[in-house]
Amino acid sequence: MIEMNGWVTICASTDGEDDVNEVSEIIHQIETIIMPMAVLNQTLEIKTLNGFHTLFIGLNHNHDHGYIDSIHKLLYKIGDIAVGSYGLVHVRHHEDEID
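As the structure is a computational prediction, the values presented were derived from the model and not from experiment.

J.: I'd like to hear about the nonpolar core, residue by residue, with values.
T.: Counting residues in each nonpolar core, the largest one holds 21 residues, and the members touching the most others are Ile10, Ile34, Leu44, Leu55 and Ile78. For this core, the elements supplying multiple residues, two or more each, are strand E1 (2-10), helix H1 (20-34), strand E2 (42-49), strand E3 (52-61) and helix H2 (67-81). With residues up to four places along the chain from it excluded, the contact list for Ile78 reads Val8, Ile10, Ile30, Leu55, Val83 and Ser85.

J.: Explain the sheet that holds E3 to me, and be specific about the residues and the numbers.
T.: Taken in spatial order, the 4 strands of this open sheet run E2-E3-E1-E4, and their pairing is antiparallel. Two strands lie at the open edges of the sheet, namely E2 and strand E4 (86-93), each paired on one side alone. Taking each pair of neighbouring strands and ignoring which way they run, the sheet shows an average axis angle of 10°. With 8 bridges joining them, E2 and E3 adopt antiparallel strand pairing. Paired with Lys47 across the two strands is Thr54, which belongs to E3. Running at roughly 165° to E2, H1 makes contact with E1, E2 and E3 of the sheet.

Quick notes on the rules
- Residues numbered from 1 in each chain as written.
- Predicted model: local features only at pLDDT ≥ 70, side-chain atom pairs only at ≥ 80, totals over all residues.
- Heavy atoms only, no water.
- Core = buried A, V, L, I, M, F, W, Y, C linked by side-chain atoms within 4.5 Å.
- Buried < 20%, exposed > 50% of the residue type's maximum accessible area, 1.4 Å probe, protein only.
- Helix = DSSP H or I, 4+ residues; strand = E, 2+ residues; numbered from the N terminus.
- Contact = heavy atoms within 4.5 Å.
- Pairing = 2+ DSSP bridges.
- Axes fitted to C-alpha atoms, helices over the stretch in contact; angles between N-to-C directions.

What is shown is where atoms sit, not what they do.
Okay, here's the thing in structure tokens:
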């Protein structure tokens with residue numbers, strides 16, 4: 001079983017002086033990426049809270065089947081296109097082998 005919960009606040013820059021048009025384009029790019037990732041027992045949703053855009057991540061699956069990898073790729077892509085983004089994502093993976 002895998003479970004993942006977290007959030008990422010989307011920011012174009014690290015100084016907090018984001019251009020509204022630039023952020024809008026970034027949000028559009030991220031929405032395009034997450035749209036095909038909509039599956040049962042998984043949510044990826046961007047909400048605007050007090051003027052800030054936050055991606056909320058939640059998933060719970062019986063087996064991995066590549067879900068963790070797809071979220072990792074999503075997070076790296078967000079880091080590439082929105083360098084000021086930050087957040088926290090927790091992963092619980094019962095199938096991980098502990099050495």
